[in-house]
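Descriptive analysis of the structure
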Amino acid sequence: MNPSRLGLAAVAAGLAALSGCEGDSAGPAPVVPPPPPPAELSASFQAERADLAEGEGVEIGFEYRVTGLHRPFVLEIRLAGGGELPEDVEVAGTAVPLSPGEDISGEAVLTVVSSPDQNFAEGEEILQFEFVPSETGVVRTDFGPPVEVAVADTPYRPCDGVVLRGTGVEREPRPQEESLHTLGTTLTLDLTGPGRDTTFELRGPYLEFIPGAREPYSVAGFGIRDWRIETDGPAYRHRMGITWPSADYLTALLVPPPEEPPEGEEPAPPPEADARLVFAVVGPSCPADSVLTCDADGCYPTAEIQ
Amino acid sequence: MTPTPRLRRFLFSLFALSLLAGPASGYRFFGGTIDDSLAPVSENAAPWSPSVWGPSQTLSWVLSEAPEWTDSFEWRGETYESPFESASDVLPHVRAALEAWSDVPTADIRWRVSGMRVNLPRARDHINAIRPHVLDVPASYAAVYIEGGEILECDISFSPGHFIFFGRQRQSALVHELGHCLGLAHSAMFPTWDSALFPPEAGAVWPQDPKMAYGHDHDPRLTHDDIIGGSLLRPARGFRHGGIEGEVTFGGTAARFVRLVAARIGEDGRLGDSVSVFTDEQGRYRFEGLAPGDYLLAAGPMMETSAHGSLLDAGAVLHGAEDRYLLAPLSVSLGASTRAPPIALREGRGSAVRLPEEPG
């Protein structure tokens, strides 16, 4: 006998014996059913964009339909791009459990709630939500475009008849010296009624110059760009592009370069200069000083200058 | 520290234009006497004697032909060659500086260079002279001779160093000294303190210093502040204007010699032409020469103490007061002075960040 033929026969006998152990040793070997085809799931939001103000919530409806679902499945919604939700935003309705069935459809609601904060120069916050595709292959998905949720900044009202708004604080390279940066925002002050006689008081930064001077003196360490005033009857609107030095800029101005460290030691890092703009809104309709601070994160009321 | 290149340039220009205004640093205008040089409004200003330079008359200047125009210039261990081969090379720049003032349509300023001389004594001699002045810093000054409350003569000592260091905009210091000769003291405004950090290309609201400031930019063009000052001293026929007046306090008492700036609101709503004044001993101020329109006011301590020595001697509020901006526009009409609401400056400014001195 050909030895190789003998070997194959021995393997075949072994396989038959194994099959016999799992099933009815008396009957024929069973047929394994093919896996079911993947379910078809479609979902889409009922709007492309939703707007809400700080401290408010919005409900965004969405529709779904699934056919041929043989296992439980959860339709999920997440922040597009894989980022994390901002601290001041809460979301509900991001998971819809789907039970097995041949043809299931329905509607549900995604709820987005923005918590109020005192930052009035965050700028508009845009969040995008999308359906999460299945990664198991159990469900074939056909999803609509993501929905965009715009969270508007809430203006700050420090005094009667005074409303403050700010665009998001932006960091920009300083002209002609791009290794250094400035921070800037466009502040809008609406003054009406008792707020018309309001004044703006700069609390800092001030920079003190000495060289060549008879007495030390300090100057405002900020710049105003494109200051415009609109008058509408008894109301005024000021728009001021305010720029102030960033920490790297101030540090470069103020801090001597580190001395050469002793051999084997790391140079000490330069101290971080304070890069905040501090101002006060003062007027007859203001019961007390309203001190405001702008930094890289925005502008907000502060009780005291640190 | 080693300043950034930008800061180094800035400090250098500060030092380079350390001008000596004679006979004493006043504010806005020179007063009738050296001891009474604090003239806040034009009616207290010392005018030119009508016997020397009356209305519609032309004032003559003589340019020195002294050899110092061609001297090399020493600055911090470096030697710089003079840009001039003779006094004739200086003449076009003097003429351009004179024209900067005589071109002001609202002012009656007529002056010209009548000749050049080799020997010009450094004294009062009834000759308005422009001489070379070589120091160890590029500094120039104007000596204004006042007697009986009138200006009789002015001599300018001018450093060729300005031309060496400030390139194409080199007439700026000459324009400044000629402003002193008109009777203008140092301006209270210093917009380039802002642009030292945020230069004009960054869109600063006030990108240009008045020529009568202690000059940190080198643009020879007159600003609105200069034009109004010259026009108030030597008004052209038909120059009509309005004003703003009011009081400033600091800590409940008169804010002595603090700076105020009035910025005109343009038709497009943007802040534009600006004028500056100081308060007087009682904290009062008055803007003159304003065109009709709406203005915003800002107030704060003086900038550049070296430019206003007499105000420091007289007790100017300097340290501790915050800058204040009034946000309600003030409307100015021809022939009237608008009363502004009281401005109360408050203590603060304690957190000023001290910039380091220029090394070496």
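Everything numeric in this text was worked out from a predicted model, so none of it was measured. (Residues numbered from 1 in each chain as written. Chains lettered and ligands numbered in written order. Predicted model: local features only at pLDDT ≥ 70, side-chain atom pairs only at ≥ 80, totals over all residues. Heavy atoms only, no water.)

Comments concerning the sheet that holds strand β3 (residues 57–69) of chain A
All names here are of chain A. Across the sheet, which stays open at both edges, the five strands sit in the order β5-β7-β3-β1-β9 with mixed pairing between neighbours. Pairing within the sheet leaves two strands with one partner each, and these edge strands are β5 (89–92) and β9 (139–143). In this sheet, adjacent strand axes meet at a mean angle of 20° when their direction is disregarded. (Pairing = 2+ DSSP bridges. Helix = DSSP H or I, 4+ residues; strand = E, 2+ residues; numbered from the N terminus. Axes fitted to C-alpha atoms, helices over the stretch in contact; angles between N-to-C directions.)

Some points on the pattern of salt bridges
Taken as a whole and assessed by the stated rule, the structure comprises 27 salt bridges over all chains. Where E201 of chain A meets R203 of chain A, a salt bridge forms, and the shortest distance between an N and an O atom there is 2.7 Å. On the accessibility criterion, E201 of chain A (1% relative accessible area) is buried. With its nearest N and O atoms 2.7 Å apart, the salt bridge here joins E147 of chain B to R124 of chain B. With E147 of chain B in strand β7 (residues 141–147) and R124 of chain B in the loop between β5 (111–117) and β6 (129–132), the pair connects residues that are 23 residues apart, well separated along the chain. Put simply, E201 and R203 of chain A together with E322, R324 and R346 of chain B are held in one network by salt bridges that share partners. (Salt bridge = Lys/Arg side-chain N within 4 Å of Asp/Glu carboxyl O. Buried < 20%, exposed > 50% of the residue type's maximum accessible area, 1.4 Å probe, protein only.)

With respect to the packing of aromatic side chains
What the rule picks out here adds up to 14 aromatic pairs over all chains. When the centroid spacing of 5.2 Å and the interplanar angle of 40° are considered together, the rings of F131 of chain A and F143 of chain A count as tilted. On the criterion of sequence distance, the pair formed by F131 of chain A in strand β8 (residues 125–131) and F143 of chain A in strand β9 is long-range, its members being twelve residues apart. Plain terms: the ring middles of W48 of chain B and W53 of chain B are 5.4 Å apart, the flat faces sit at 80° to each other, and that makes the pair edge-to-face. The residues W48 of chain B and W53 of chain B share a single accessibility class, namely buried. An aromatic cluster is present here, built from F200, F222, W227 and F279 of chain A together with Y325 of chain B joined pairwise through their rings. (Phe/Tyr/Trp six-rings, centres within 6.5 Å; stacked < 30°, edge-to-face > 60°.)

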